[in-house]
2 protein chains.
Amino acid sequence: MSRTDDIRAAALELFTGRGYESTTMADIGAAVGIRGPSLYKHVASKQDLLAQIMTGTMQDLMDLHRTAVATTADPTERLRRATEAHVRYHARHRLEAFVGNREIRSLEEPHLGEVLAKRARYEAGFRELINTGVAAGRFHVTSARLASYAILDLGMGVAVWFREDGEITEDAVVWEYGEFALRLVGATD
Amino acid sequence: MSRTDDIRAAALELFTGRGYESTTMADIGAAVGIRGPSLYKHVASKQDLLAQIMTGTMQDLMDLHRTAVATTADPTERLRRATEAHVRYHARHRLEAFVGNREIRSLEEPHLGEVLAKRARYEAGFRELINTGVAAGRFHVTSARLASYAILDLGMGVAVWFREDGEITEDAVVWEYGEFALRLVGATD
DNA sequence: CCAGTTGGCTAATGCTTATTAGCCGACTCT
DNA sequence: AGAGTCGGCTAATAAGCATTAGCCAACTGG
């Protein structure tokens, strides 16, 4: 763990707690025991710190989604695994996910476009999963788009309220939310 | 009342689009055709503008919730109506709801405490609704807390993606999300 | 043992910002 | 008409901020 990693971790925590705009380079420096200007010996800029968090988060989510969906063709099982991966990431990396969702407005080009494109593809993946299930007569929803929005939003919510030391474990949330997703789409098993 | 309301509306729109911290008084002034400093002839401060939005939003939500739940004792119907009110508010007043959720970090005391307290009571209302249904054997969930988080998060999501001129109408979202909520808690009707 | 690099520091630079002061024209009421 | 208020304006105030410049001590590798 290098100093640079410490800085990234401190920035992540501060961005989560008070937001990108309200976090100063001096704050980040103080969190790792140095002065604000010294940070520039390790990172390019404050904006770069944000960009790293955002692009890394979307990349991780995409990778997990692909892996989750790769090993079965059954619509119900695919949706369950995709939802579980989604929720598990939002519980386990709640700071990254929280910042990734909340601070898009502070991300500048060219990273903004990249992240938005990745996000659109991620959403499309869920919608397709649901559409396939509906076409196969396994899911029963009026609008696949609404259902996919709903499932994705559930995960984002997890990043907001989940606590590692809370009374609900990560596994409990993952399992229950997987169930919620299947109930949502009216899966017949 | 014209000017002051125009200013509040402009501030709401700008806070939604670029966030509280990134919105300047000059921006808000420009949106209503005057200079930044002139705003102080109508409002006390930028922070006051935010506080009005936040407290007003929570108050409206609480009122709607109480009304929705008042006219029936059936657990399923109560949860459906509460969810519909929740979702309808988030669709119809998406800017208020969006800012209300996203900018809590920028709200200062004493308004912060007030808003957090109201929000806690609002959440407790939903949890109680679900607990009652579970106790009556009408709902089937492992954790009422998880289910209430899930339903509330769905509404917040609506405020993010809903568009008045989109292809999905407010009524469609309200109805479908009401169904989602009942499916989520495994309501037996 | 010394040249170079690394990673700190303080001071300066060049903004941007909320808010206040103080001025003034236009309208209102008597 | 004239006193007062209303609602603009520009200029000043007093910060706060990201980033750069330039300095220096400690390590490091040959």
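Residues numbered from 1 in each chain as written. Chains lettered and ligands numbered in written order. Predicted model: local features only at pLDDT ≥ 70, side-chain atom pairs only at ≥ 80, totals over all residues. Heavy atoms only, no water.

**Things to note about the relation of the copies chain B and chain A**
The transform that puts chain B on chain A rotates by 180 degrees and translates by 0.0 Å along the axis, for an RMSD of 0.1 Å. Such a turn and shift between the copies fits a two-fold axis. The residues that chain B uses at the interface reappear at the interface of chain A in 100% of cases, marking a shared surface. (Least-squares fit on C-alpha atoms with pLDDT ≥ 70 in both. Contact = heavy atoms within 4.5 Å.)

**Notes on the packing of helix H7 (residues 144-161) of chain A against helix H8 (residues 170-184) of chain B**
Orientation of H7 of chain A relative to H8 of chain B, taken along the N-to-C sense of each, is 55 degrees, at an axis distance of 11 Å. One way to sum up the angle between H7 of chain A and H8 of chain B is to call them oblique. Helix-helix and strand crossings are classified by hand; for H7 of chain A and H8 of chain B the assignment is right-handed. Facing H7 of chain A, whose interface residues are Leu146, Ala147, Tyr149 and Ala150 of chain A, H8 of chain B presents Ala172, Val173, Glu176, Tyr177 and Phe180 of chain B. (Axes fitted to C-alpha atoms, helices over the stretch in contact; angles between N-to-C directions. Helix = DSSP H or I, 4+ residues; strand = E, 2+ residues; numbered from the N terminus. Parallel < 35°, antiparallel > 145°, perpendicular 65-115°, else oblique. Left-handed = near helix turned anticlockwise from the far one by under 90°.)

**A short note on the domain arrangement of chain A**
All names here are of chain A. Considered domain by domain, chain A is made up of domain 1 (1-42) and domain 2 (45-183). Measuring from the centre of the C-alpha atoms in domain 1 to the corresponding centre in domain 2 gives 27 Å. Taken residue by residue, the interface counts 14 residues in domain 1 and 13 residues in domain 2. It is Leu12, Thr16 and Tyr20 in domain 1 that bury the most area against domain 2; as a group they hold 49% of the surface buried on that side. Viewed at the interface, domain 2 and domain 1 are joined by zero salt bridges. Remark: the boundary between domain 1 and domain 2 carries five residue pairs in polar contact (both at pLDDT 80 or more). Mapped by element, the contributors of at least two residues to the side of domain 1 that touches domain 2 are helix H1 (3-18) and helix H2 (25-32). When residues in the side of domain 1 that touches domain 2 are grouped by element, the largest group, seven residues, is from H1. Across the side of domain 1 that touches domain 2, the residue classes break down as eight nonpolar, three polar and three charged. (Domains from an automatic or database assignment. Buried area = accessible area lost by both parts, 1.4 Å probe. Salt bridge = Lys/Arg side-chain N within 4 Å of Asp/Glu carboxyl O. Polar contact = N/O pair within 3.5 Å; in protein donor to acceptor, adjacent residues only side chain to side chain. Nonpolar A, V, L, I, M, F, W, Y, C, P; charged D, E, K, R; others polar.)

**Details of the UniProt feature "DNA-binding region" (unreviewed entry) in chain A**
Per the UniProt annotation, the sites labelled "DNA-binding region" (unreviewed entry) are residues 24-43 of chain A. Annotated as 40% helix and 0% strand, the span residues 24-43 of chain A places its first and last C-alpha atoms 14 Å apart. (UniProt positions renumbered as here; feature names shortened; annotations may be inferred.)

**Thoughts on the packing of aromatic side chains**
In the structure shown here, the tally under the stated rule is twelve aromatic pairs over all chains. Ring centres 6.3 Å apart and planes at 50 degrees place the aromatic pair tryptophan 161 of chain A and tyrosine 177 of chain A in the tilted group. Note that tryptophan 161 of chain A is positioned in helix H7 and tyrosine 177 of chain A in helix H8 (residues 170-184), a separation of 16 residues in sequence. Three or more aromatic residues link up through ring pairs in this structure, and these residues are Tyr149 of chain A together with Trp161, Phe162, Tyr177 and Phe180 of chain B. Just above the ring of tyrosine 20 of chain A sits the side chain of lysine 46 of chain A; from NZ or CZ to the centre is 4.6 Å. (Phe/Tyr/Trp six-rings, centres within 6.5 Å; stacked < 30°, edge-to-face > 60°. Lys NZ or Arg CZ within 6 Å of the ring centre and 35° of its normal.)

**Side note on the packing of helix H3 (residues 46-70) of chain A against helix H6 (residues 111-135) of chain A**
All names here are of chain A. Two elements in contact, H3 and H6, have axes whose closest approach is 10 Å; the angle formed by their N-to-C orientations is 20 degrees. As judged from the angle between their axes, H3 and H6 are roughly parallel. Relative to H6, the crossing made by H3 is left-handed. Two secondary-structure elements touch here, H3 through Ala51, Met54, Thr55, Met58, Gln59, Leu61, Met62, His65 and Val69 and H6 through His111, Glu114, Val115, Lys118, Arg119, Arg121, Tyr122, Gly125, Phe126 and Leu129.

**With respect to the protein's contact with DNA strand D**
Surveying the vicinity of DNA strand D reveals 14 residues, the closest of which are Tyr40 of chain A together with Arg35, Ser38, Lys41 and His42 of chain B. Within the contact set of DNA strand D, a phosphate oxygen lies 3.3 Å away from a backbone nitrogen or oxygen of threonine 23 of chain A. In this structure, arginine 3 of chain B approaches DNA strand D through a side-chain N or O atom, which is 2.7 Å from a phosphate oxygen. (Near = heavy atom within 4 Å.)

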